Amino acid sequence: MARELTRRERLKIPRHEMPEQDAHDRSVNFEEVNLGLTAEQAVAEAERCLLCANPTCIDGCPVGIDIREFVRLVADEQFGDAADVIKRDNFLPAVCGRVCPQEDQCEGACVLVKKYKPVAIGHLERFVADYERERAGSTSVKTITKTGKRVAVVGSGPAGLACAADLIQAGHDVTVFEALHELGGVLVYGIPEFRLPKEIVKAEVDQLADLGVRFEMNAVIGMIDTIDELLAEEGYDAVFIGVGAGLPRFLGVPGENLVGVYSANEFLTRINLMRSYAPDAETPLLDLYRKTVAVFGGGNTAMDAVRTARRLGADPATIFYRRSDAEMPARAEEVHHARAEGIGFETLVSPIELLGNEDGWLTGARFQRMELGEPDDSGRRRPQPIPGDEFEVPIDVAVVAIGNEPNPLIHRTAPDLEQTAWGTIVADPETGRTAKKAVFAGGDIVTGGATVILAMGAGRRAAASIKEYLDTGVW
Amino acid sequence: MDGPQPGGELMNRILETRVLAPEVKYFRIEAPKVARKRKAGQFVIIRVTGTGERIPLTIMDSNPDDGWISLIVQGVGKTTRTLNELETGDSVHDLAGPLGMPSEIHEYGRAVVIGGGVGTAIAYPTAVALAEAGNDVVSIIGGRSREFVLLEDEMRAVCTEVYPTTDDGSYGYHGFVTDKLAELIADGPSIDHVIAVGPVPMMQAVAEVTRPHGIDTVVSLNPIMVDGTGMCGGCRVSVGDETKFACVDGPDFDAHQVDFELLARRNRTYSAFEYYRNEEFTEEHIHVDPVGSS
Ligand SMILES: Cc1cc2nc3c(=O)[nH]c(=O)nc-3n(C[C@H](O)[C@H](O)[C@H](O)COP(=O)(O)OP(=O)(O)OC[C@H]3O[C@@H](n4cnc5c(N)ncnc54)[C@H](O)[C@@H]3O)c2cc1C
Ligand SMILES: Cc1cc2nc3c(=O)[nH]c(=O)nc-3n(C[C@H](O)[C@H](O)[C@H](O)COP(=O)(O)OP(=O)(O)OC[C@H]3O[C@@H](n4cnc5c(N)ncnc54)[C@H](O)[C@@H]3O)c2cc1C
Ligand code: SF4
Ligand code: SF4
Ligand code: FES
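These numbers come from a predicted model, not from an experiment. (Residues numbered from 1 in each chain as written. Chains lettered and ligands numbered in written order. Predicted model: local features only at pLDDT ≥ 70, side-chain atom pairs only at ≥ 80, totals over all residues. Heavy atoms only, no water.)

This next bit is on the overall build of chain A. Scanning chain A for helices and strands turns up 18 helices and 15 strands. Computed over C-alpha atoms, the radius of gyration of chain A comes to 23 Å, within 12% of the 23 Å expected from 2.2 N^0.38 for 475 residues, which places it in the range of a compact globule. Residues counted as buried form 58% of the 475 residues belonging to chain A. Partitioning the contacts of chain A with sequence separation of at least 6, the portion at a separation of at least 24 is 69%. For chain A, the computed accessible surface area is about 19,600 Å², with 49% contributed by carbon and sulfur atoms. Within chain A, the 74 negative side-chain charges are centred at a point lying 5 Å from the centre of the 51 positive side-chain charges. (Helix = DSSP H or I, 4+ residues; strand = E, 2+ residues; numbered from the N terminus. Rg over C-alpha atoms; globule rule 2.2 N^0.38 Å. Buried < 20%, exposed > 50% of the residue type's maximum accessible area, 1.4 Å probe, protein only. Contact = heavy atoms within 4.5 Å. Areas by Shrake-Rupley, 256 points an atom, 1.4 Å probe, with all protein chains shown as cover. Lys, Arg positive; Asp, Glu negative; His and termini not counted. Charge placed at Lys NZ, Arg CZ, Asp CG, Glu CD.)

This is the structure in structure tokens:
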């Protein structure tokens, strides 16, 4: 075992940056951009941790992983034990280590952030999870005493999977209903392969199946069964709704239905879920090779769309965002990767009309230049038009990535679920309880588009209160 | 060992197939739950193989007791032609449904159901539901030539009058479905409700025939779909200047409000790709082509 390092020695170790695939190479392939730390790098990075008496990093993690402890175990090369520590709080570490906005969460709260660089907690979490998956294989299945109670989980995104994981381990029978033909929600249809390989999501889902969770794909709840039918006819004792916020928002400008205008959901679904980039793909996508592609928006979804377009040959591929760089909601790492891959950024611009030819195909867009006004209630400076400052840009394919709203399918058939003006389901943030007896909800359907880890956390809290409800029968 | 295995491999098994016309095939598929839940006008999304495209197909009929639904498929491209190669005992890889809003069924009085080609199969369940709701149902079922006029016997069983029409005059009324419709409007008795399903130009033409008479007219739109659950927005259509998602707000819409030009254009988005895939399919299957030399 390594000698105990002094604080000074620890502070001297430079942060280990994530090894990446070369920017030029990766801009033409779908392989993962981040290559992962080696064991040596991970140990050395873990040695940077000061093992604080008051580990502020933990407060920054929405599920409160014992970061200090798992990082200490990595420094001691006890990778398997480190994985156990993480798994106590996070069921999807290989996913979160890759896609969490660490700079705003755990790493943003690390004491080193002010004078040094924070411990690379996300990279370490990913390292531990990958190590565990590749070396140890599947975790041994404990025998669980069955309670005979049955829970239906609607939606197989991170909220639903996390909820199912906790409930199956508590001895309840769990069936996950998923509308699409693959499991994982946004993790499979939204986030691209080069950021989160599908095989990792599959491994996590397979673990759940090994634990006895049943999965029904192609089951659109609200259509095949309503929530009431799940409870009354199908014999479920409780239902968890984790259906995400999957209804794409459009710009509401003329020309939005021209051929060549995609929602980010459609664009990414065709590519990720339907694999239309593969040479033998059966689901078509417009040819992007050497085409001018514009993506409207500045979030993670916009970055995923534009970097995906780039990989399919788009040149130029450009982000058009109505605020400035500083307000861009996408993760810093994604913006950095996008720039390195040759993505253009046009900020403080807003499309006011999409232009087409006589056959109805997109040819360009007219933009309005914006400037930042006074901060609004949320503290963000609101963009406002600069009168008369408009310009046109030729565009072959446009992707609208300005956010999603909750899908009304479930609500149509369960009007007694209380809803907000934005269409999200009202649920207690601590317990996930809705206005409807035995029905719980969590994730993006409650919060609106958020993050993987927040959705997971909500799924776990709901699982805890479902257990309580099933034990006590008290609503 | 028979019957559906929840989560198992024997799902979506084909129980019966029948060729109705060149490249038009009838399928009876085991799908007990969909059979119980579906209503007229709803559809399923299927993937024929594990790498296939998701395509929508209307549920033509169902039997909740025996647990099957039936589909009628016109082979127009790679996916539908691959599906049409399947036989009894085979399975389709994925089947999700029922999807879409059911057709609105009221007691209108005299209702005319118009089907063009395979559109007749899509209109058929609505004709049945309209008849069950006490309407006097008249149908006009068109085809290029005699062999493409579908479901005449089935329609006769639920309609008071059935008018087959053919473009070439090889059977029934010589002319388009819209010519026959104009005649019915002119000759009376008055028509209270029209539903038309078929190629986009046909539905558009029907809308133009009924518009001056103010006859309530519904069309079932066929935009390109992916998920069929309202998640992608690919199926968006413009109705009365509002954007609607056909898979969750439709597929039935007020014919007089639909922007048919837009629908036709959006449906051509992938014609180059589809053409290539279809040619490829034809080349790969030339040796088993039933109309080839054998
Ligand atoms: C392109 C993109 C990139 C993102 N990048 C990041 C990132 O880097 N980091 C991060 O933390 N977050 C990211 N997010 C956000 C994150 O993915 C979501 O916050 C998270 O997935 C929400 O989880 P969920 O379980 O609530 O819902 P979802 O992941 O949306 O899953 C919901 C599931 O329910 C299914 N469903 C819907 N309706 C029904 C129904 N009626 N019946 C049955 N099933 C149904 C859906 O098909 C879906 O599979 C990104 C989002 C997108 C779209
Ligand atoms: C609500 C609805 C119900 C339908 N019901 C039936 C039915 O009962 N019987 C039947 O034979 N056909 C039906 N269709 C049409 C059927 O879905 C298409 O013919 C099929 O998708 C074509 O796929 P392909 O690969 O064989 O042909 P392709 O060569 O890929 O396409 C041929 C044409 O079909 C349309 N199309 C292609 N892909 C899709 C898609 N994913 N979704 C919708 N349309 C597409 C396009 O207009 C295209 O130009 C229905 C369509 C809709 C929207
Ligand atoms: S789950 Fe996310 S926030 Fe928590 S420690 Fe891991 S990377 Fe950080
Ligand atoms: S705050 Fe930073 S240095 Fe302190 S325990 Fe957490 S990761 Fe280690
Ligand atoms: S098919 Fe995707 S929203 Fe209708």
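The next thing to look at is the domain arrangement of chain B. Note on interface size: it is often stated as the accessible area lost on association of the parts. Residue and element names in this part refer to chain B. When the domains of chain B are assigned, the result is domain 1 (14-99) and domain 2 (110-267). Distance between the C-alpha centres of domain 1 and domain 2: 21 Å. Taken together, the contact pairs 17 residues of domain 1 with 17 residues of domain 2. When domain 1 packs against domain 2, the two sides together hide about 1,600 Å² of surface, and 70% of this comes from carbon and sulfur. When residues of domain 1 are sorted by the area they lose upon contact with domain 2, Phe43, Arg54 and Met60 head the list and together hold 28% of the total. Across the contact surface, domain 1 and domain 2 share zero salt bridges. For the pair domain 1 and domain 2, the number of links is two residue pairs in polar contact (both at pLDDT 80 or more). In terms of residue class, the side of domain 1 that touches domain 2 is made up of 12 nonpolar, three polar and two charged. (Domains from an automatic or database assignment. Buried area = accessible area lost by both parts, 1.4 Å probe. Salt bridge = Lys/Arg side-chain N within 4 Å of Asp/Glu carboxyl O. Polar contact = N/O pair within 3.5 Å; in protein donor to acceptor, adjacent residues only side chain to side chain. Nonpolar A, V, L, I, M, F, W, Y, C, P; charged D, E, K, R; others polar.)

What follows deals with the pattern of salt bridges. All names here are of chain A. Counted by the stated rule, this structure contains 57 salt bridges over all chains. A salt bridge links arginine 331 to glutamate 103, with the nearest nitrogen and oxygen atoms 3.9 Å apart. With arginine 331 in the loop between β8 (317-321) and α15 (332-340) and glutamate 103 in the loop between α7 (93-99) and α8 (121-136), this pair connects stretches of sequence that are 228 residues apart. One salt bridge in this structure joins arginine 331 and glutamate 333, with 3.1 Å as the shortest N-O distance. There is no split in this pair, since arginine 331 and glutamate 333 are both buried. Residues participating in the shared-partner salt-bridge network are Glu20, Arg26, Glu103, Arg195, Asp304, Arg307, Arg311, Arg331, Glu333, Glu334 and Glu341.

All names here are of chain A. A full pass over the atoms with the stated rule returns 15 aromatic pairs over all chains. Between phenylalanine 79 and phenylalanine 127, the ring centres sit 4.9 Å apart and the planes meet at 85°, which makes this aromatic pair edge-to-face. Here the residue phenylalanine 79 occupies a position in helix α6 (residues 79-89), and phenylalanine 127 occupies one in helix α8, the gap between them amounting to 48 residues. Take phenylalanine 79 and phenylalanine 127: they sit in the same class, and that class is buried. Consider the rings of phenylalanine 177 and tyrosine 236, whose centres lie 5.9 Å apart with planes at 85°: the pair is edge-to-face. With phenylalanine 177 in strand β2 (residues 173-177) and tyrosine 236 in the loop between α12 (227-232) and β4 (238-241), this pair connects stretches of sequence that are 59 residues apart. Take phenylalanine 177: its relative accessible area is 4%, and that puts it in the buried class. (Phe/Tyr/Trp six-rings, centres within 6.5 Å; stacked < 30°, edge-to-face > 60°.)

A word on the site of ligand 3. If you check the shell around ligand 3, you find Cys61, Pro62, Ile65, Ile67, Asn90, Cys96, Cys100, Gln102, Gln105, Cys106, Glu125 and Ile453 of chain A and nothing else. Its residues placed into classes, the shell around ligand 3 shows eight nonpolar, three polar and one charged. (Near = heavy atom within 4 Å.)

Attention shifts here to unusual backbone geometry. Of note, the amide linkage connecting glycine 188 of chain B to proline 189 of chain B takes the cis form, showing an omega dihedral of -5°. You can see proline 189 of chain B is positioned in the loop between α5 (177-187) and β12 (193-197). Cis peptide bonds are those with omega within 30 degrees of zero, and the linkage from glycine 250 of chain B to proline 251 of chain B qualifies with 15°. Despite not being glycine, asparagine 218 of chain A has its phi angle at roughly 55°, a positive value. When you line up the elements, asparagine 218 of chain A lands in the loop between β3 (214-216) and α12. Its identity is not glycine, yet arginine 275 of chain A carries a phi of approximately 50°, on the positive side. With respect to the secondary-structure elements, arginine 275 of chain A resides in the loop between α13 (264-273) and β7 (293-296).

Moving on, we come to the sheet that holds strand β2 (residues 24-30) of chain B. All names here are of chain B. A sheet is described by the order of its strands in space; here four strands give the open sequence β1-β2-β6-β5, paired in antiparallel fashion. The sheet terminates laterally at β1 (14-21) and β5 (61-63), the two strands that pair on one side only. Pairwise comparison of adjacent strand axes, ignoring direction, gives a mean angle of 20° for this sheet. Relative to β2, β1 is paired through six bridges, and the arrangement is antiparallel. Within the sheet, the bridge partner assigned to threonine 17 lies in β2 and is phenylalanine 27. (Pairing = 2+ DSSP bridges. Axes fitted to C-alpha atoms, helices over the stretch in contact; angles between N-to-C directions.)

Residues and elements named next belong to chain B. When you tally the buried positions in strand β6 (residues 68-74), you get six out of seven residues, the bulk of the element. Both β2 and β6 contribute to a ladder of seven bridges, which runs antiparallel. Among the inter-strand pairings, lysine 25 is bridged to a residue of β6, identified as valine 73. Strand direction decides the pairing type here: β5 and β6, joined by three bridges, are antiparallel. Of the residues in β6, the one forming a bridge with aspartate 61 is serine 70. Connecting β5 to the antiparallel partner β6 that follows it, the hairpin turn spans four residues, and glycine 67 within it adopts a positive phi of roughly 75°.

Contacts between chain B and chain A engage 43 residues on the former and 44 residues on the latter. Among the residues chain B hides against chain A, the three largest losses belong to Met231, Arg236 and Tyr270 of chain B. Together they make up 19% of the total. At the surface where chain B touches chain A, the tally comes to six salt bridges. Residue lysine 78 of chain B pairs with glutamate 282 of chain A through a salt bridge whose shortest N-O separation is 3.6 Å. For the side of chain B that touches chain A, the residue count by class is 16 nonpolar, 13 polar and 14 charged.

On to the nonpolar core, then. In a soluble, globular protein the nonpolar side chains are often hidden away together inside. All names here are of chain A. Counting residues in each nonpolar core, the largest one holds 82 residues, and the members touching the most others are Ile67, Phe70, Val74, Leu124 and Ile466. By residue number, the principal contributor to this core is helix α18 (residues 452-472), which donates nine residues. With residues near it in sequence (within four places) discarded, valine 74 still touches Ala42, Val43, Ala46, Phe79, Ala82, Leu124 and Val128. (Core = buried A, V, L, I, M, F, W, Y, C linked by side-chain atoms within 4.5 Å.)

On to the sheet that holds β7 of chain A. Across a sheet, strands are paired by hydrogen bonds formed along the backbone, either parallel or antiparallel in direction. Residue and element names in this part refer to chain A. Spatially, the five strands line up as an open sheet ordered β6-β13-β7-β8-β9, and their pairing is parallel. Each edge of the sheet is formed by a strand with only one pairing partner; in this case those strands are β6 (261-263) and β9 (344-347). Here the average twist between neighbouring strands, direction ignored, is 20°. Sheet topology places β6 next to strand β13 (residues 397-400); three bridges connect them, and they run parallel. Among the inter-strand pairings, serine 263 is bridged to a residue of β13, identified as valine 400. On the sheet, α13 packs against β6 and β13 and is oriented at approximately 85° with respect to β6.

To continue, consider the site of ligand 2. Residue and element names in this part refer to chain B. In the vicinity of ligand 2 there are 23 residues, among which Pro56, Ile72, Gln74, Thr80 and Met225 approach most closely. A distance of 2.9 Å separates a nitrogen atom of ligand 2 from a polar backbone atom of methionine 225. Residue glutamate 274 places a side-chain N or O atom 3.0 Å away from an oxygen atom belonging to ligand 2. Going through the elements one at a time, β4 (55-58), β6 and α2 (78-83) are the ones with two or more residues in the shell around ligand 2.

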